[in-house]
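Survey of secondary and tertiary structure
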Amino acid sequence: DDYSALPTRYLYTTNPVTPLPQGAPWGLKTANTTDPCKFHHSPLKLVIRAYDFTIRRQKKAPDGYPREFLTINNQFPGPLIEANWGDTIQVTVHNQINTPDEGTALHWHGILQKATPWMDGVPGVQQCPIPPGGSFTYTFLADLYGTSWYHSHYSAQYAAGLLGPMVIHGPDTSAYDIDMGPILLTDHYHGEYMDLVRQVVSTDITKVLVKSNNNLIQGRNNYDCSLVSDNTPCASNAGLTNFKFTPGKKHRLRLINAGAEGIQMFSIDGHNMSVIANDFVPIVPYNTKVVTLGVGQRVDVIVQAPASPAAGGYLMRSSIAACSLFEVQHATAVVYYGAAVPATVPTTTVWPDFTNALANQCGNDPLTSTVPLYPIKPPAATTTKEIAIDFSQNATNFWVWKMNGVAFRANYNQPVLLLSNVGNNSYPNSPQWNVYNFGSNSSIRMHIKNPGPAAHPMHLHGHNFFVLNEGVGTWDGTTIVNPNNPARRDTQMVRAGGFLVIQITADNPGAWPLHCHIAWHVSAGLYITVLERPADIAKLTIPSVMAQTCRDWATWSGTSIVDQIDSGL
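This one's a predicted model, so the numbers in the text were calculated from it and none came from an experiment.

Where strands meet in a sheet, backbone hydrogen bonds hold them as pairs that are either parallel or antiparallel. Taking strand neighbours across the sheet as the criterion, the four strands line up as 2-1-4-6 in an open arrangement whose pairing is mixed. Of all the strands in the sheet, the pair left with one neighbour each is strand 2 (67-72) and strand 6 (135-141). Within the sheet, the average angular offset between the axes of one strand and its neighbour, ignoring direction, is 20°. Two strands pair when backbone bridges link them, and strand 4 (residues 88-95) and strand 6 are joined in this way by seven bridges, in the antiparallel orientation. Note on strand 6: the bridge partner recorded for Val 93 is Phe 136.

Considering all chains together, one arrives at three disulfides under this definition. The residue that forms a disulfide with Cys 128 is Cys 550, at a sulfur-sulfur distance of 2.1 Å. When the S-S torsion is 90°, as for the bridge of Cys 128 with Cys 550, the disulfide is right-handed. Here the residue Cys 128 occupies a position in the loop between strand 5 (106-108) and strand 6, and Cys 550 occupies one in helix 7 (residues 544-557), the gap between them amounting to 422 residues. Assigned by exposure class, Cys 128 and Cys 550 land together as buried.

So, on to the sheet that holds strand 3 (residues 81-84). In spatial order, the strands read 3-8-7-5; together these four strands make up an open sheet with mixed pairing. The open sheet has two edge strands, strand 3 and strand 5, and neither has a second partner. Neighbouring strand axes in the sheet, compared pairwise and without regard to direction, differ in orientation by 20° on average. Sheet topology note: the strand 3/strand 8 (residues 163-169) ladder contains four bridges and is parallel. Among the inter-strand pairings, Ala 83 is bridged to a residue of strand 8, identified as Ile 168.

Attention shifts here to the side chain of Asp 490. Here Asp 490 shows up in the loop between strand 26 (487-489) and strand 27 (491-494). Beyond its immediate chain neighbours, meaning those up to four positions away, Asp 490 contacts His 109, Gly 110, Asp 279, Phe 280, Arg 298, Met 458, His 459, Leu 460, His 463, Asn 464 and Phe 465.

It is worth spelling out the packing of aromatic side chains at this point. The full count for this structure, using the stated rule, is 20 aromatic pairs. Judged by centre distance (4.9 Å) and plane angle (15°), the ring pair of Tyr 154 and Tyr 412 falls under stacked. Taken together, the residues span a long stretch of sequence, with Tyr 154 in the loop between strand 7 (146-152) and strand 8 and Tyr 412 in the loop between strand 21 (399-403) and helix 4 (416-421) at a distance of 258 residues. In this structure Tyr 154 comes out as buried when scored by relative accessible area, which is 7%. Owing to a relative accessible area of 3%, Tyr 412 belongs among the buried residues under this scheme. Joined through ring pairs, the aromatic side chains of Tyr 51, Phe 53, Trp 108, Phe 136, Tyr 138, Phe 140 and Tyr 150 make up one cluster. Positioned above the aromatic ring of Phe 69, the side-chain terminus of Arg 67 is 3.9 Å from the ring centre.

Attention shifts here to helix 1 (residues 193-200). Listing the buried residues of helix 1 in full gives Tyr 193, Met 194, Leu 196, Val 197 and Val 200. Down the axis of helix 1, the smallest arc covering the buried residues is 155°, so these residues share one side.

Attention now goes to unusual backbone geometry. Note on backbone geometry: most residues besides glycine have negative phi, and most peptide bonds are trans. In this structure, Pro 16 follows Asn 15 across a cis peptide bond, with omega equal to 5°. Position of Pro 16 among the secondary structure elements: in the segment before strand 1 (48-60). The peptide bond linking Thr 99 to Pro 100 adopts the cis configuration, its omega dihedral lying at 0°. In this fold, Pro 100 is placed in the loop between strand 4 and strand 5. A positive phi angle, near 75°, is found at Asn 397, a position not held by glycine.

So, on to the nonpolar core. By size, the foremost hydrophobic cluster in this structure holds 113 residues, and its most contacted members are Trp 108, Tyr 138, Met 458, Leu 514 and Trp 520. For this core, the leading source of residues is helix 1, giving five residues. Among all residues touching Tyr 138, those that are not within four sequence positions of it are Ile 89, Gln 90, Val 91, Val 93, Ala 105, Leu 106, Trp 108, Met 119, Gly 121, Gln 127 and Ile 130. Judged by nonpolar contacts, the second largest core, of 27 residues, contains Ile 183, Leu 253, Val 299 and Val 303.

The subject of this paragraph is helix 3 (residues 352-360). Spacing of three or four residues puts side chains on the same side of an α-helix, whose turn is 3.6 residues. Buried within helix 3 we find Phe 354, Ala 357 and Leu 358. The buried residues of helix 3 all sit within an arc of 100° when viewed along its axis, so they share a single face. Opposite the buried face of helix 3, by more than 90 degrees, sit the exposed residues Pro 352, Ala 359 and Asn 360. For helix 3, the secondary structure elements touched by its buried residues are strand 13 (264-268), strand 18 (314-320) and strand 19 (330-337).

Turning next to the environment of Thr 206. Relative to the elements of secondary structure, Thr 206 occurs in helix 2 (residues 205-208). Expressed as a C-alpha distance, the spacing of Thr 206 and Pro 19, which sit 187 residues apart in the sequence, is 57 Å. Of the polar contacts made by the side chain of Thr 206, one reaches the side chain of Asp 204; its length is 2.5 Å.

With that settled, the discussion passes to the environment of Gly 146. Its place among the elements puts Gly 146 in strand 7. Between the C-alpha atom of Gly 146 and that of Ser 236, which follows or precedes it by 90 residues, the distance is 36 Å. Excluding residues within four positions of it along the chain, Gly 146 makes contact with Met 166, Val 167, Ile 168, Arg 254 and Phe 280.

A word on the pattern of salt bridges. A full pass over the atoms with the stated rule returns 16 salt bridges. We note a salt bridge from Arg 57 to Glu 102, for which the minimum N-O separation is 2.7 Å. Taken together, the residues Arg 57 in strand 1 and Glu 102 in the loop between strand 4 and strand 5 connect sequence positions 45 residues apart. Of the residues examined, Arg 57 reaches a relative accessible area of 22% and is grouped as partly exposed. Here Glu 102 falls in the buried class, since its relative accessible area comes to 9%. The partner of Glu 386 in a salt bridge is Lys 449, and the shortest N-O contact between them spans 3.0 Å.

Time to look at the environment of Ala 339. Counting through the fold element by element, Ala 339 comes out in the loop between strand 19 and helix 3. Under the relative-accessibility criterion, Ala 339 is labelled exposed at 80%. Spatially, the C-alpha atom of Ala 339 lies 8.5 Å from that of Lys 244, the residues being 95 residues apart in sequence.

Calculation criteria
Residues numbered from 1 in each chain as written. Predicted model: local features only at pLDDT ≥ 70, side-chain atom pairs only at ≥ 80, totals over all residues. Heavy atoms only, no water. Pairing = 2+ DSSP bridges. Helix = DSSP H or I, 4+ residues; strand = E, 2+ residues; numbered from the N terminus. Axes fitted to C-alpha atoms, helices over the stretch in contact; angles between N-to-C directions. Disulfide = S-S within 2.5 Å. Buried < 20%, exposed > 50% of the residue type's maximum accessible area, 1.4 Å probe, protein only. Contact = heavy atoms within 4.5 Å. Phe/Tyr/Trp six-rings, centres within 6.5 Å; stacked < 30°, edge-to-face > 60°. Lys NZ or Arg CZ within 6 Å of the ring centre and 35° of its normal. Arc of directions from axis to C-beta. Core = buried A, V, L, I, M, F, W, Y, C linked by side-chain atoms within 4.5 Å. Polar contact = N/O pair within 3.5 Å; in protein donor to acceptor, adjacent residues only side chain to side chain. Salt bridge = Lys/Arg side-chain N within 4 Å of Asp/Glu carboxyl O.

That is the geometry; function is a separate question.
Written as C-alpha cells, this is what we have:
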C-alpha cells in the first residue's frame, strides 16, 4: 500500500496551522444537517495546502511489463492530495514532458470550482494547455468532502499514468476506526497511449475497440509474461499490494475507478461492506458484498473486520465487468492480519454475489439504494435537453462517438470560458465545439439516450447532479426515483440500450464539460460543453495568468506541431 492510513477525522498540521472551531475544522457542521454545496469558508481561517508536481516521461513496470509512463514526481499512481473541507488547495504543475513534447492540464475531479471556474483544468474549455517547459499554479477551494482523484484532461494522457488520489476530510458519515486511505482500481495497457489513441480514432473497427492488457489495485498486479507477443523483457510475479487490517475494527476504504475503460467490480472474500458515500455525496448506508464503479466513480465503504480472522489472510478482488474490453480481467491484492504479510497468496473463496455481478451487471446499484444523507428536493426544470449518443463513421470513414450527431473537437487556443467572458457565445465556425448554451435557465434537465451496446459513465464538471432516473429501454418522461431526495453524484453510468435523466440547479456560472469518462470515448468525441449563465460569466474577473498561459501556448504551438489526432480531451 503506497498510501498510508489516514487520520480518522481530519488533517491536522501546525504549519500551516489547522483551525479547530468547536473541535473540528468545519465546526459543528454534520453530514446530515449541512448542504455541502452551500459551504462557504471564512477567509479568516484560510489554510493553503500546497503541492508541487513535476510531470515527465518515465519507464515503469507495475505488472512486470515495462513501458513509458507519464509520472508525477516520479510516482505512479501520483501523490495523494489531502486537505480539510474548506481548505484552499494549491498545486503548481511543471510540464517536463519531452521526446516528444506535449502540452498538459490537470483536472480536479468532482470539485465544484464555484469561485474559480477557470481552474477546472480542461484545455480548450477553461484554459489553454501548459506548454512544454512551462509551469502553472492551480488554486481552488476544497468545496466538497470525501474521496476523489485528479488526472490529466489533455487527450488520453491519464491512461499513461497521469493521475492520483485526492482526499478531503469532512464530517464523519458513519463510525469507523481506521481510514485505510484511497484505493485506486485501474485497467492497464501495455501500449503507449498515443498509439492506442491512433487505433481508437482509426477507420478500422477491429482496432477501435482496444482491450486492456491487465488490471491493477493500487498500481500493482501480477502478469503472465507468456502472454507477451513482442520481444519486450517481462517479469512475471511482479507482486501484489498488501493491506493490513486490524481484527475487530471497522476500516474505511476509499475506492476509486481511475481506469481508462473498464467497469470495476470490487469485493473482499469473507468480508461484507457498508456503502457510505458515492462520489462526493454521503448516503444512507447499505450493505453489499460487491461494489460497482464506472470510470471516474468513487465509492466509500466501511468493512467490519472479524474478531478472529483467518491466519492466511484474504483476497481483495477488483475485476473488469464482462461488458468491458479486456485481455486480463482480474486484479487481486492481499488483506492480512497480524505482523507479517502471508508467505503465500491467500486462496479464499470468492462471494457468489461477486461472480454473478461480474457476469451480469453493467450499471450502478439501484437508485432506490443510493439515498443521499442530506436531503435535497430538485426544483421543477426550466428547460429539458435530449441528448442522443451515437457511434458511427464520419465523412472520412473514421469511427467517432457523437452527441446529437456531432463529435467534439477542442480548440486548444480558444478556451470556451475565456471567449464567453468577453461576450463570444456563438462559435459560428466551430460546430464541433459542441457548446450547449443554456442561457439564464435556473434548473437544467438532460435526458441522455443510449441505444447502443456500450455503457457510458457520464461525468459532469462543476456540479453534483440529481439522478432522476436511469435504466434499460426508454424513459416514460415523468417517473422520478425518490423525487423528494433523488440520488446525487458527479458520475453516473447510462446503461447499454438505456437512458439517464439528470438535472442541475444552475448556481455555478461556467463552461462545464459533460462527457463519457471512458478515455477512448471522449477521445473520439463523446462530449458537450454545458454553458451555464453566460451573462454572469461575462461578469467574472478572470486572472490574467489564464490569458498569459494562452500566449505561452500560442508561442510554443506556433513553432511546434501539436499532434492532436483526437478530440483533444
